[in-house]
Amino acid sequence: MMFMAFVPVPIQTSAATTLKAGWVKNGDSWYYRKDDGFYYKGWLQVGDKYYYMDTDGVMKTGWVKFNNSWYYLDSDGTMHTGFKKVGDKWFYLAGDGKMVTGWKQINDTYYYFNSDGEMRANGWKQSNDDWYFLGSDGKMVTGWKEIAGKWRYFDENGVMLTGWQQIKNRIYYLQESDGAMLTGWLQDANKNYYWMKSSGEMVTDWRKIDDSWYYFDKEGHMVTGWQKIDGKYYFLDRTTGKMAADTTLTIDGKSYTFDKDGVYQESKSGGASVSDSAPGTEAAAPGSSEAPGSSKPEEEEAPGAKKTESASQSAPGGNSSSDVPGGSSTPHVVAPGA
């Protein structure tokens, strides 16, 4: 870095006066004098430190603009590099002293600095069509982040994801409008119903929700009607998806009885037979499938939320302010049969 531009300022002395080169203080101001008695102007390098002397040769402190770039001089006049807090705002000065604006990678982490150099913190940043979030320390967020009570996910590049996403082998739905993770019942455009845990993870296999059992196939779709699962027949209400249990129902004009675990009980008196009437198709159950009435451990939950499964859960959403992604949105969150 070369800043040796200067204009000498002569000092009138008598022949008997010997001038010493170096720093000179006059009142509250500092100057730097050469061997020939002239003062420097402009950038001055002394050892490995840089200083800026104004048109009168006075050492500057604070902000200085030079060739359309801003620099910061500390109270001792040295040019600052790295993070700098001025008032209640943070700035970053590069290795050559220039104030940084825009995106900047610092120690493997990205930060964003406004056009005035202020570090963006604890807020949203939109670049092109992508949304990013800067934490309270200014660092660009990656991974799960709870913001204003809603969980969102940011990829390794800091981009907020939306829609269906597979994250660490689990499936989530992140609202298209604002990236908020949905929980509870979700219905897609094809009228398929899904159940998203309180952790946001999409359910497959059996699930008990508000005291009723449901079955979700490997795609997460709630199944209805007759289903053969692990060699046993079940009937899931054709509208609500609720499993029939401990009851006798008339289905398509015939009577069928189901035990407390929902398993169809073959009639011993010549009544309707599931195998005779061939109801439904066989559901492809995962290898770890467990029928209702058995204990099923809860899987590890992705961002920490309660594990209570309740159909009264509502999805995040609503109005967003103008400086956050999305706006007014109406997610397809509705319970089957509602």
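Residues numbered from 1 in each chain as written. Predicted model: local features only at pLDDT ≥ 70, side-chain atom pairs only at ≥ 80, totals over all residues. Heavy atoms only, no water.

### Here's the deal with the overall build of the protein
- The helix and strand tally for the protein stands at one helix and 26 strands.
- When burial is assessed residue by residue, the protein has 45% of its 338 residues classed as buried.
- Put simply, of all contacts in the protein between residues at least 6 apart along the chain, 42% involve residues at least 24 apart.
- For the protein, the accessible area works out to roughly 18,500 Å², and carbon and sulfur atoms hold 44% of it. (Helix = DSSP H or I, 4+ residues; strand = E, 2+ residues; numbered from the N terminus. Buried < 20%, exposed > 50% of the residue type's maximum accessible area, 1.4 Å probe, protein only. Contact = heavy atoms within 4.5 Å. Areas by Shrake-Rupley, 256 points an atom, 1.4 Å probe, with all protein chains shown as cover.)

### With respect to the sheet that holds strand β23 (residues 247-251)
- With antiparallel pairing, the three strands of this open sheet are ordered in space as β23-β24-β25. Both edges of this open sheet fall to β23 and β25 (264-265), since each of them pairs with a single strand only.
- Relative to β25, strand β24 (residues 254-258) is paired through two bridges, and the arrangement is antiparallel. Opposite Phe-258, over in β25, you have Tyr-264 as the bridge partner. (Pairing = 2+ DSSP bridges.)

### As for the side chain of Arg-152
- Here Arg-152 is to be found in strand β14 (residues 150-154).
- Within the structure, the side chain of Arg-152 is placed 2.8 Å from the backbone oxygen of Asp-178, a separation counted as a polar contact.
- In this structure, Arg-152 is in contact with Trp-124, Gly-143, Trp-144, Lys-145, Ile-147, Met-160, Asp-178, Gly-179 and Ala-180, ignoring residues within four places of it in sequence. (Polar contact = N/O pair within 3.5 Å; in protein donor to acceptor, adjacent residues only side chain to side chain.)

### Considering unusual backbone geometry
- We note that Asp-211 has phi near 70°; this positive angle belongs to a residue other than glycine.
- Mapped onto the secondary structure, Asp-211 falls in the loop between β19 (205-209) and β20 (212-216).

### Thoughts on the packing of aromatic side chains
- Counted according to the given criterion, the structure contains 43 aromatic pairs.
- Ring centres of Tyr-31 and Tyr-39 lie 5.0 Å apart, and the angle between their planes is 25°; on these two criteria the pair is classed as stacked. The same class applies to Tyr-31 as to Tyr-39, namely buried.
- With a centroid separation of 6.3 Å and 90° between ring planes, the pair formed by Trp-63 and Trp-70 is classed as edge-to-face.
- The structure contains a cluster of three or more aromatic residues connected by ring pairs, namely Trp-226, Tyr-233, Phe-235, Tyr-256, Phe-258 and Tyr-264. (Phe/Tyr/Trp six-rings, centres within 6.5 Å; stacked < 30°, edge-to-face > 60°.)

### Side note on the nonpolar core
- Listed in full, the nine residues of the largest apolar core are Trp-206, Trp-213, Tyr-215, Val-223, Ile-229, Tyr-234, Leu-236, Met-243 and Val-263.
- Secondary-structure elements contributing two or more residues to this core are β20 and β22 (232-236).
- Excluding its chain neighbours within four sequence positions, the residues that come into contact with Leu-236 are Trp-206, Trp-213, Val-223, Thr-224, Gly-225, Gln-227, Gly-241, Lys-242 and Met-243. (Core = buried A, V, L, I, M, F, W, Y, C linked by side-chain atoms within 4.5 Å.)

### A look at the pattern of salt bridges
- In the structure shown here, the tally under the stated rule is eight salt bridges.
- Its salt-bridge partner being Lys-89, residue Glu-118 comes within 3.9 Å of it at the nearest N-O pair. Of this pair, Glu-118 sits in the loop between β10 (109-113) and β11 (123-127) while Lys-89 sits in strand β8 (residues 89-93), placing them 29 residues apart in sequence.
- Residue Glu-118 is classed as partly exposed on the basis of its relative accessible area, which comes to 23%.
- Accessibility expressed as a relative area gives 34% for Lys-89, which makes it partly exposed.
- Measuring nitrogen to oxygen at the nearest pair gives 3.7 Å for the salt bridge that ties Arg-152 to Asp-178. One end of the pair, Arg-152, is in strand β14; the other, Asp-178, is in the loop between β16 (170-174) and β17 (184-187), with 26 residues separating them in the sequence. Each member of the pair, Arg-152 as well as Asp-178, carries the same accessibility label: buried.
- Bridged by salt links that share partners, the residues Lys-150, Arg-152 and Asp-178 form one connected network. (Salt bridge = Lys/Arg side-chain N within 4 Å of Asp/Glu carboxyl O.)

### Some details on the environment of Asn-169
- Along the chain, Asn-169 turns up in the loop between β15 (163-167) and β16.
- For the pair Asn-169 and Glu-201, spaced 32 residues apart in sequence, the C-alpha separation works out to 9.9 Å.

### Considerations on the pairing of β15
- Examined bridge by bridge, β15 and β16 share five bridges and lie antiparallel to one another. Residue pairing in the sheet places Ile-167 in a bridge with Arg-170 of β16.

### What about the environment of Phe-235?
- As for its placement among the helices and strands, Phe-235 is situated in strand β22.
- It is 7.8 Å that separates the C-alpha atoms of Phe-235 and Tyr-264, two residues lying 29 residues apart in sequence.

### Details of the pairing of strand β21 (residues 225-229)
- Here β21 lies mainly inside the structure; four of its five residues are buried.
- Bridge analysis of β21 against β22 gives five bridges, and the strand direction is antiparallel. Looking at β22, one finds that Lys-228 is bridged to Tyr-233.
- Hairpin connection between β21 and β22: a loop of two residues separates the two successive antiparallel strands, and Asp-230 in this loop has a positive phi of roughly 55°.

### Things to note about the confidence of the model for the protein
- Summarising the model, the protein shows a mean pLDDT of 82, and 74% of its residues fall at 70 or more.
- Segment residues 275-324: pLDDT under 50, and 115 contacts once partners within four positions in sequence are set aside and those in other chains are kept.
- Confidence over residues 326-331 falls short of pLDDT 50; this stretch has 16 contacts with residues more than four positions distant or in other chains. (pLDDT = per-residue confidence, 0-100.)

### Examining the environment of Leu-182
- Here Leu-182 shows up in the loop between β16 and β17.
- The class of Leu-182 is buried, set by a relative accessible area of 1%.

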